[in-house]
Amino acid sequence: MQMQHRILLLADTPQTIRRWHLCLSAQGYAVSHINDIQKLDTQDRFDQLLVDVSTPLSGELLNMIPVRKTILLGHVPEPDASRLLILEKTSPEAEVLALIREQLHGTPLTEPALLNTNIGPVLSPAMQATLQQTQRIAAASNHVTITGAAGSGKTSIARTLHAASKHADQQLTELNCAQLSGSLIGKTLFGDPELNVPSAVEQTGTTLLLQHIEQLDFRLQIQLSVCLEQNESPARIIATTCCDPDTLFTDGQLASDLYYQISDICLQVPDLKSRSEDIPRLAEYFLSSEDSQPTLSNSAKQLLLHEPWTGNVAQLKRCMENLLQEQADGQPDRTIQAGDILAVLEDIAPQIPSFSQARAEFERNYLIRMLTFTSGKVSKAARLAQRNRTDFYKLLAKHELNAADFKESAAPKSAAPTKTKLSKTA
């Protein structure tokens, strides 16, 4: 196991000590502090020294500071101060952290040169690894499945992947399979001669983002897999899901052919708690605008770091947007306190679907699985469901399902997949 780097903080005010303790601890560093430079010789070992004192140090005191791996914040007029790495006292935390990482690890903390700025600032190793994988995957033309918890930023990663690909100059077509009707998705994917709509799947260079792929109508899944197989240069599919693709396949929610076509390369997006280093910076990023640059107090940052964020980045963004609306008439560059955030968090309820939405989703999934099991035989399906056949037909019409489309899709469920994946983390 890699040992934590120890950082010694020399600061003389409680506010400065709390600020850097919070910031450095969030990066995984072991932090200790002293408030008097005379105590330097009592420290057994440290890997980095950060000096942030309120009054300039004299030349005699500066000579007590080791040159190696030391960052000093503030103006030092002495001529020999050039031997130290000096930054302005008002330097952003990100700049200081980048220099610390460069000194400790030998490489600067650089964010991958990806084009989608909606991702926001990234410091966490987990998210940086995801972005680096995104950049590598973007160079190819393979189909990709992006997985991750709800609200973790799968759509933003998908847009970033497209923006870094060789087809970035062409449009990214986004289809939310959980919200759009099957008929609309079908016309977009496979075209409509009557409306003179071309088939998006058959257009070389096109990229299709299918959100919530598990919600795509089963018959459309089969049609999509056939279309991808028959075309030499079909559109690139980027699918997103909150579920594990293998589980979707095993549970019968993902057609086998489509599963093998789109899940060879999987990209996992970490949830927000796995990238806690980014939380304060993301919050300030969401608060920023052309007319406003509010900052977070230390207490606000502590609150944000200890909040569970079950809704991930989407919940954090919504919280900051609501906070901006409430603070619209206040000072544009004010410091946000913990109480301001608490007031907003109490007003935000979890994003739970309505009873009607949940029931409709259950009905549709139930009908699809029943028709798949019975090979599209409505009488048998209605009998198993203990429903009148007329009522069963009404349910099929309500959810735009055609029993005939399932005549060929009721093959026995195959065993767990044994295909060797190219990469699960790509």
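Concerning the overall build of the protein
Along its length, the protein carries 16 helices and twelve strands. For the protein, with 426 residues in total, the buried portion stands at 46%. Long-range pairs, those at least 24 residues apart, make up 68% of the contacts in the protein between residues at least 6 apart in sequence. Total accessible area on the protein is roughly 22,000 Å²; 50% of this is exposed by carbon and sulfur atoms.

A closer look at the confidence of the model for the protein
Residues at a pLDDT of 70 or more form 85% of the protein, whose mean pLDDT is 82. Across residues 409–426, where pLDDT falls below 50, the model places 36 contacts with residues more than four positions away in sequence or in other chains.

Brief notes about the sheet that holds strand 8 (residues 207–211)
The five strands are arranged 7-8-9-6-10 in an open sheet whose pairing can be described as parallel. At either margin of the open sheet sits one strand with a lone partner, and together these are strand 7 (172–176) and strand 10 (266–268). Taking the axes of each pair of neighbouring strands and ignoring which way they run, one obtains an average angle of 20° across the sheet. Where helix 4 (residues 125–138) meets the sheet, it contacts strand 6 (144–147), strand 9 (236–241) and strand 10, and its direction lies at approximately 160° from that of strand 10.

Some points on the nonpolar core
Counting residues in hydrophobic clusters, the biggest one holds 40 residues, and the most contacted among them are Leu 224 and Phe 392. Ranked by the residues each element gives to this core, the list is headed by helix 7 (residues 218–230), at five residues. If we skip the residues at most four places from it in the chain, Phe 392 touches Leu 367, Met 370, Leu 371, Val 378, Ala 381, Ala 382, Ala 385 and Arg 387. In this structure, Ile 279, Phe 286, Leu 304 and Ile 341 belong to the second largest nonpolar core, which totals 23 residues.

A word on the packing of helix 4 against helix 5 (residues 154–163)
At a minimum axis separation of 8 Å, helix 4 and helix 5 run at an interaxial angle of 40°. Classified by the angle their axes make, helix 4 and helix 5 are oblique. Viewed along their axes, helix 4 and helix 5 form a crossing whose handedness is right-handed. Across the interface between the two elements, Met 127, Thr 130, Leu 131, Thr 134, Ile 137 and Ala 138 of helix 4 pack against Ile 157, Thr 160 and Leu 161 of helix 5. Grouping the constituent residues of the contact of helix 4 with helix 5 by class yields six nonpolar, three polar and no charged.

Things to note about the sheet that holds strand 3 (residues 48–52)
With parallel pairing, five strands are arranged side by side in an open sheet as 2-1-3-4-5. Either end of the sheet is taken by a strand with one partner, and the two such strands are strand 2 (30–34) and strand 5 (85–87). Neighbour to neighbour, the strand axes of the sheet diverge by 20° on average, direction disregarded. With four bridges connecting them, strand 3 and strand 4 (residues 70–73) associate as parallel partners. Residue pairing across strands places Leu 50 opposite Ile 71, the latter belonging to strand 4. The strands that helix 3 (residues 93–105) touches are strand 1 (6–11), strand 3, strand 4 and strand 5; relative to strand 4, the one it contacts most, it runs at about 165°.

Quick look at unusual backbone geometry
One can expect most non-glycine residues to show negative phi and most peptide bonds to be in trans. In this model, His 212 sits at a positive phi of 55°, which is unusual for a non-glycine residue. Within the secondary structure, His 212 sits in the loop between strand 8 and helix 7. Take His 212: its relative accessible area is 28%, and that puts it in the partly exposed class.

So, the environment of Pro 56
Summarising the element assignment, Pro 56 is placed in the loop between strand 3 and helix 2 (59–62). Overall, Pro 56 belongs to the exposed group, its relative accessible area being 62%.

Points about the pairing of strand 3
Within strand 3, five of the five residues are buried, leaving the element largely enclosed by the surrounding structure. Side-chain alternation along strand 3 places Gln 48, Leu 50 and Asp 52 on one buried face and Leu 49 and Val 51 on a second face that is also buried.

Some thoughts on the packing of helix 6 (residues 182–190) against helix 7
Angle between the axes and distance between the axes are the two parameters that describe a pair of packed helices. The geometry of helix 6 relative to helix 7 is characterised by a closest axis approach of 11 Å and an angle of 5° between their N-to-C directions. Between helix 6 and helix 7, the angle is such that the two are roughly parallel. Listed contacts from helix 7 to Gly 182, Ile 185, Gly 186 and Phe 190 of helix 6 are Leu 220, Gln 223, Leu 224 and Cys 227.

Brief notes about a positive patch on the surface
Residues Lys 377, Lys 380, Arg 383 and Lys 407 make up a contiguous surface patch of positive charge. Along the chain, Arg 383 falls in helix 15 (residues 378–384). Overall, the relative accessible area of 57% leaves Arg 383 in the exposed class.

A closer look at the side chain of Thr 130
Relative to the helices and strands, Thr 130 resides in helix 4. Assessed through its relative accessible area of 4%, Thr 130 is described here as buried.

A short note on the side chain of Thr 206
You can see Thr 206 is positioned in the loop between helix 6 and strand 8. Accessibility expressed as a relative area gives 8% for Thr 206, which makes it buried. Dropping the residues within four chain positions of it, Thr 206 is found in contact with Gln 170, Ala 200, Ala 235 and Arg 236.

Description of the pattern of salt bridges
The full count for this structure, using the stated rule, is seven salt bridges. The residue Asp 192 makes a salt bridge to Lys 187 at a minimum N-O spacing of 3.9 Å. Connected through salt bridges with shared partners, the residues Asp 217, Arg 219 and Arg 364 form a single ionic network.

Each value, and the rule that gives it
Residues numbered from 1 in each chain as written. Predicted model: local features only at pLDDT ≥ 70, side-chain atom pairs only at ≥ 80, totals over all residues. Heavy atoms only, no water. Helix = DSSP H or I, 4+ residues; strand = E, 2+ residues; numbered from the N terminus. Buried < 20%, exposed > 50% of the residue type's maximum accessible area, 1.4 Å probe, protein only. Contact = heavy atoms within 4.5 Å. Areas by Shrake-Rupley, 256 points an atom, 1.4 Å probe, with all protein chains shown as cover. pLDDT = per-residue confidence, 0-100. Pairing = 2+ DSSP bridges. Axes fitted to C-alpha atoms, helices over the stretch in contact; angles between N-to-C directions. Core = buried A, V, L, I, M, F, W, Y, C linked by side-chain atoms within 4.5 Å. Parallel < 35°, antiparallel > 145°, perpendicular 65-115°, else oblique. Left-handed = near helix turned anticlockwise from the far one by under 90°. Nonpolar A, V, L, I, M, F, W, Y, C, P; charged D, E, K, R; others polar. Patch = residues over 30% accessible without salt bridge, like charges linked within 9 Å, V, L, I, M, F, W, Y side chains within 5 Å. Salt bridge = Lys/Arg side-chain N within 4 Å of Asp/Glu carboxyl O. Lys, Arg positive; Asp, Glu negative; His and termini not counted. Charge placed at Lys NZ, Arg CZ, Asp CG, Glu CD.

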